Amino acid sequence: MSYDILKTQINEGVALVTISRPKAMNALNTAFFDEMNSLLDELQSNDDIRVMVLTGDGKAFVAGADIAEMVGKDQAEGQAFSKYGQETFSRIESMTFPVIAAVNGFALGGGCELAMSCDFRIASSKAKFGQPEVNLGLIPGYAGTQRMARLIGKADAMYLLLTADMINADEALRLKLVQKVFEPEVLMEEVMKIAKNIANKGPKAVQKVKEVTHKGLNSDFQGGSDFEAEHFGSLFGEGSEGKEGMTAFLEKRKPNW
Ligand code: CO8
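Criteria and thresholds
- Residues numbered from 1 in each chain as written.
- Predicted model: local features only at pLDDT ≥ 70, side-chain atom pairs only at ≥ 80, totals over all residues.
- Heavy atoms only, no water.
- Pairing = 2+ DSSP bridges.
- Helix = DSSP H or I, 4+ residues; strand = E, 2+ residues; numbered from the N terminus.
- Axes fitted to C-alpha atoms, helices over the stretch in contact; angles between N-to-C directions.
- Contact = heavy atoms within 4.5 Å.
- Phe/Tyr/Trp six-rings, centres within 6.5 Å; stacked < 30°, edge-to-face > 60°.
- Buried < 20%, exposed > 50% of the residue type's maximum accessible area, 1.4 Å probe, protein only.
- Patch = residues over 30% accessible without salt bridge, like charges linked within 9 Å, V, L, I, M, F, W, Y side chains within 5 Å.
- Areas by Shrake-Rupley, 256 points an atom, 1.4 Å probe, with all protein chains shown as cover.
- Salt bridge = Lys/Arg side-chain N within 4 Å of Asp/Glu carboxyl O.
- Polar contact = N/O pair within 3.5 Å; in protein donor to acceptor, adjacent residues only side chain to side chain.
- Core = buried A, V, L, I, M, F, W, Y, C linked by side-chain atoms within 4.5 Å.

A. Representation of the sheet that holds strand E2 (residues 14-19) within the structure. Taken in spatial order, the six strands of this open sheet run E1-E2-E3-E5-E7-E10, and their pairing is mixed. Here the strands that pair on one side only, and so sit at the sheet edges, are strand E1 (6-11) and strand E10 (180-182). Between one strand axis and the next, the sheet turns by 20 degrees as a mean value, whatever way the strands run. Pairing of strand E3 (residues 51-56) with strand E5 (residues 99-103) involves four bridges; the strand directions are parallel. The partner of Thr 55 across the bridge, within E5, is Ala 102. Where helix H1 (residues 30-44) meets the sheet, its contacts fall on E1, E2 and E3, and the angle it forms with E1 comes to roughly 20 degrees.

B. How the structure looks around the packing of aromatic side chains. Going through the model one piece at a time under the given rule, you end up with eight aromatic pairs. On the numbers, 5.4 Å between centres and 65 degrees between planes, the contact of Phe 33 with Tyr 142 is edge-to-face. Separated by 109 residues along the polypeptide, Phe 33 in helix H1 and Tyr 142 in the loop between strand E8 (128-130) and helix H5 (144-152) bring together distant segments of the chain. Comparing Phe 33 with Tyr 142 shows no difference in burial state: the two are buried. Grouped by ring-pair contacts, the aromatic residues Phe 32, Phe 33, Phe 81, Tyr 84, Phe 89 and Tyr 142 constitute a single cluster.

C. Structural detail: a nonpolar patch on the surface. Where nonpolar side chains cluster on the molecular surface, the patch consists of Ile 67, Leu 136 and Leu 138 and spans about 260 Å² of accessible area. Tracing the sequence through the fold places Leu 138 in the loop between E8 and H5. Taking relative accessible area as the criterion, Leu 138 reaches 37% and is therefore assigned partly exposed.

D. Inspection of the side chain of His 231 at higher detail. One can find His 231 in helix H10 (residues 221-234). Reaching out from His 231, the side chain makes a polar contact with the side chain of Lys 208 at a distance of 2.9 Å. Not counting the four nearest positions on each side in its chain, His 231 is found in contact with Lys 208, Glu 211 and Val 212.

E. Examining unusual backbone geometry more closely. Located in the positive-phi region is Asn 26, a residue other than glycine, with phi close to 60 degrees. Tracing the backbone shows Asn 26 in the loop between E2 and H1. Phi is positive for Ala 164, which is not a glycine, with a value near 60 degrees. The topology assignment puts Ala 164 in the loop between helix H6 (154-163) and strand E9 (167-168).

F. Local environment of the nonpolar core. Core analysis: the biggest nonpolar cluster contains 47 residues, and Phe 32, Met 52, Val 103, Leu 114, Phe 129, Met 148 and Leu 177 have the highest contact counts within it. It is H1 that contributes the most residues to this core, six residues altogether. Not counting chain neighbours up to four residues away, the residues in contact with Phe 32 comprise Ile 5, Leu 6, Ile 19 and Leu 114. With 15 residues, the next largest nonpolar core counts Val 51, Val 53, Ile 100 and Ala 199 among its residues.

So, to be careful, I would describe these as geometric facts and stop short of saying anything about function.
This is the structure we're talking about:
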């Protein structure tokens with residue numbers, strides 16, 4: 001597939017994906033979702049990718065679903081557009097490698113939902129977050145109601161969802177909607193440092209941390225713990241990553257993954 005909206009650069013195991021429709025504040029339209037699904041297929045089948053970073057071009061990370069495209073939809077089309085987005089964001093969430101949102105600017109509506117489908121969020125001090133759907137007579141449609149309440153707790157999520165308040169990066173940090181904030185000039189440099197740091201860890205261990213944590217959150221404590229023990233054990237086989245990591249520690253050398 002040829003990509004008009006998504007620009008990808010791969011370097012040292014990190015796939016940097018930039019959403020680039022700056023004239024429309026990177027608003028999410030059907031073409032975006034088509035491209036993203038195709039790109040996720042490509043990146044998932046590339047064994048060299050250890051981490052994906054998602055960011056936006058220009059003033060916005062993503063300023064929401066594309067209102068100009070949505071306004072013409074009827075009920076069934078609206079529901080289908082919501083489902084397509086939900087499925088795409090679930091795929092981002094369940095990529096085997098971590099996905100980091102580098103939130104460079106506005107992350108509103110579907111943009112905030114997209115950021116929340118990533119494993120964690122690093123923001124520019126100029127970034128702004130919000131779920132302004134109720135201003136438009138809408139509700140979030142890409143599982144934002146579900147993810148936000150799970151990420152920051154029900155009361156803070158309800159406050160943001162009901163008031164449609166736009167919050168700055170410091171407030172997002174206080175609410176733990178984002179994990180770190182950097183000045184805009186150094187945002188990408190700092191995010192790439194974090195991504196490359198993760199890319200140098202045991203690749204199977206990194207994948208398993210993600211898989212076990214996600215699966216555990218969708219099951220009960222004991223089920224999640226059983227799953228953890230099973231995956232912990234799988235890192236101990238002869239020639240396994242765990243054996244190499246522990247041996248390297250004892251031999252005071254770098255592991256050879
Ligand atoms: N959709 C389409 N176009 C957009 C969007 C958007 N979400 N956001 C901005 N644009 C366009 C503007 O229309 C404008 O286009 P033009 O130059 O042709 O007039 C251009 O981007 C630049 O925008 P502004 O001139 O408004 O730039 P400002 O710097 O003044 O303001 C803002 C930036 C604050 C980001 C402002 O553009 C804004 O408020 N945008 C809309 C934010 C919003 O309401 N987002 C939520 C959308 S609804 C949603 O995301 C629901 C998700 C679930 C959908 C489920 C499927 C059914």
